[in-house]
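# Chain and residue survey
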Amino acid sequence: MFMRSQNRAPRSPSSRNISTGDVPPDKRRKIGSARSAGVATVGRGRQPLAAVNNRQDVVASASDMGGAEGSECESVEFTKEEVEALLNEKVKGKKFDIKGKMEHMNEHIRKLKLCVKWFQEVEDGHVQEKEKLRNTLESSERKLTETEAAMTNKEEEFNSILTELKLKSTLLQENLAKEESEKLDAIECHRRETEAKVTAEKLQASLREELGKAEQDKLSANQRVISLNDMYKRLQEYNTSLQQYNTKLQTDLATANESLKRVENEKATIVQNLSTLRGHYNALQDQLTSSKASQDEAVKQKEALLKEVNCIRGELQHAREDRDRQCTQVQELTAEIVKYKETTGKSVAELDNLSLKSYALEETCSSQREQILELQHQLAAATEKLKMSDLSVVETRTEFEQKKRAMRELQDRLADAELKLVEGEKLRKKLHNTILELKGNIRVFCRVRPMLPDDCATTETPISYPMSMESLGRGIELLQSGQKYPFTFDKVFDHEASQQDVFVEISQLVQSALDGYKVSIFAYGQTGSGKTYTMMGVPEAYEQKGLIPRSLEQIFETSQSLQAQGWKYKMQASMLEIYNETIRDLLLVNCSSGLDLTRAENCGVGKQYAIKHDANGNTHVADLTIVDVCSMKEVSRLLRQAAQSRSVGKTDMNEHSSRSHFVFTLRIFGVNESTEQQVQGVLNLIDLAGSERLSRSGATGDRLKETQAINKSLSCLSDVIFALAKKDDHVPFRNSKLTYLLQPCLGGDSKTLMFVNVSPDPLSVGESICSLRFAARVNSCEIGIARRQTSTRTLDSRLSCG
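So, a few notes on the structure that sits alongside this text. Quick caveat: nothing in here was measured; it's all calculated off a predicted structure.

## Some thoughts on the pattern of salt bridges
- On inspection of all chains with the given rule, the structure shows nine salt bridges.
- One salt bridge connects Glu 188 with Arg 191, and the closest N-O pair in it is separated by 1.9 Å. With a gap of three residues between them, Glu 188 and Arg 191 both fall in helix H6 (residues 98–276), about one helical turn apart.
- Note on Glu 188: relative accessible area 30%, which makes it partly exposed.
- Note that Glu 188 is salt-bridged to Arg 192, the shortest N-O span being 3.8 Å. Linking Glu 188 with Arg 192, this pair stays in helix H6, spanning four residues, or about one helical turn.
- For Arg 192, a relative accessible area of 44% puts it in the partly exposed group.
- Connected through shared salt-bridge partners, Glu 188, Arg 191, Arg 192 and Glu 195 make up one network.

## Some details on the pairing of strand E14 (residues 661–672)
- Counting buried positions over the twelve residues of E14 gives eleven, a clear majority of the element.
- Note that strand E7 (residues 567–579) and E14 share twelve bridges and pair antiparallel. Directly across from Gln 572, in E14, lies its bridge partner Arg 667.
- With eleven bridges joining them, E14 and strand E15 (residues 677–687) adopt antiparallel strand pairing. Across the sheet, the residue bridging to Leu 666 is Leu 683, located in E15.
- Between E14 and E15, which follow one another and run antiparallel, lie four residues, and Glu 676 among them has a positive phi close to 55 degrees.

## With respect to the environment of Leu 361
- With respect to the element layout, Leu 361 can be found in helix H7 (residues 281–399).
- Distance in space between the C-alpha atoms of Leu 361 and Cys 189 is 8.3 Å, their sequence separation being 172 residues.
- Leaving out residues up to four positions away in the same chain, Leu 361 has contacts with Cys 189 and Glu 193.

## Observations concerning the environment of Gly 617
- Relative to the assigned elements, Gly 617 resides in the loop between strand E9 (611–613) and strand E10 (619–621).
- A C-alpha to C-alpha distance of 9.2 Å links Gly 617 and Cys 745, two positions 128 residues apart in sequence.
- Ignoring any residue separated from it by four or fewer positions in sequence, one finds Gly 617 in contact with Lys 518 and Pro 744.

Calculation notes
Residues numbered from 1 in each chain as written. Predicted model: local features only at pLDDT ≥ 70, side-chain atom pairs only at ≥ 80, totals over all residues. Heavy atoms only, no water. Salt bridge = Lys/Arg side-chain N within 4 Å of Asp/Glu carboxyl O. Helix = DSSP H or I, 4+ residues; strand = E, 2+ residues; numbered from the N terminus. Buried < 20%, exposed > 50% of the residue type's maximum accessible area, 1.4 Å probe, protein only. Pairing = 2+ DSSP bridges. Contact = heavy atoms within 4.5 Å.

Written as structure tokens, this is what we have:
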């Protein structure tokens, strides 16, 4: 509707003047009368005018008439045939009648002007009518939109009410089902309790019978006890008499012994007298024989007395054994009496408990019956409310069905458009990630440490972070001598980033190692830029733990949670350092003491640790200590041991600088017992030695050799990165132990992440720019696509940790 009014040619003021001023007054009066007649008949259709020839007479006659007042309100209408006839009209007149032709032409021009004016007026009328229709349409659309919004609000209210009622209904149904189940359980429990009560009563009756029997046994046992007590008293009296007789025998024995001693004494005196009075032997021979006879009689008496003593002792022993046997019988009978008393007491207590339980169950059942009745009433009321709300919802839906159709169509279109937009965004992200994965780039993160008290004191920092949408969180700029050096990485952490913030970004990468991928994370940067803090941190403080302890905690926690799905894991840890192009095993027993660079070299120095790569891209170091680990506690102990054994020294850049490349390797073997699937993942966490120029480090002597070895290995790493970036046929991995050890990470199928650490010290801007340039080259390198190491072979019993 708007195109027609816009494409209409504008009317010039001259044409307006001509159309109103050149027409004679008398003719304008006739035209005005004709226009008024035409306006009157517009409602029922415009009537065709006379033929063009007749119209010429009318126009000619009208030109002779005057009247200025008619020119303002008079007009004329044309039909399609009249306009075509007017356009096709030819000049009439004689051949040399120029004046007649000019008059005819002037009349024809006046007619054309009148026709044009009529067209313009009709067009203005159409434009006004179109504006009115458009306003009417907009007002109706506004009213419809308001009505639809009101209906939408009402529908949402009804939907919310309906949802609440449905939720209440479901809750009530669930409660009813629960209460019914509880009721059934209670009935079943009551039935069981009734049965238990009956059995308890039977048991009580049997116990009563047993109690009667036990009481009879008790009476008989009491009688036996009384008789035994009497017997015991008699035995005690007999025992006392035996003891008295024993004492008497002992006194007789003592007197016999004394007489024997006296005889022996006499014998001794006789022998002495015999030796002294040997000359009187013959005279005293008779006395000697008599003495010998008396001595023999005394010996015989002594032997007879000894035999009697032995007999008396045997009788005493028999009496004691009889006494002990009677005592044991008395104790057994006493124990039986106590046992009968205990059993009768327990039976009575159990009977009381069962009666109390039955009473409590009856009360519970009655209360549950009352609750069930209340819930049934509530459910009936809620059902009635739900029915009423359903009826009201149906009525409102039928009222606004037609108006909602158009709204639904618009909503569907909008939803389709939004869905297409979301799907397109997801597809774009997925394709972007797929392209990055297929490209095989090494991901690079940058981290800036905070300012330290030892740094150069200045108010301006040489590091800034772009705030544009493309570079937000990924860009960093360094300022040197008034020139800015911008860099972009996969992620940039400023000086305020915590250890947890850094770990969150790599947690999914660590999870990939548990899923069967080879994952490598290494830290690069100058001395004092925070590499060791990023990788190790302070393990004793939770907030300052580095990537290594946090990664291992996540792996152990996740492996424990996966045990419910049938997964079993075995993990092996190894730690080494590359010091002056020599591999040192940090887990040897003789390396566990605290060591500095002045220590005795007893950590496997002289041993050749050969690096080997198999066909699957796995790296093995010959004769390296590998420890099975099952918990974070064991790994923490190994990390402390390795930290004590690592080579450190003092330089101008740092008081306690790592002078070697530290490599922590965790091999993960997993088996799912239900699917018989196996995975083999490797997690390499590498803390590289500090990279700096000799002029900055101030190294001399042994420190100079160490710095040269470190810079040489890092230079070889740069050569490898540049060769990979250029896609050279030959990549010099074997030029350094470090690059040869990292070959699967840089040129294989490993998921590799590099942390470039930057110091904010203005004196270290040159070193920081060199580190960031190297990291940018690393980010452009292409390595193989990471593959998951899985298989479905037989289960390996060695995967359990003991």
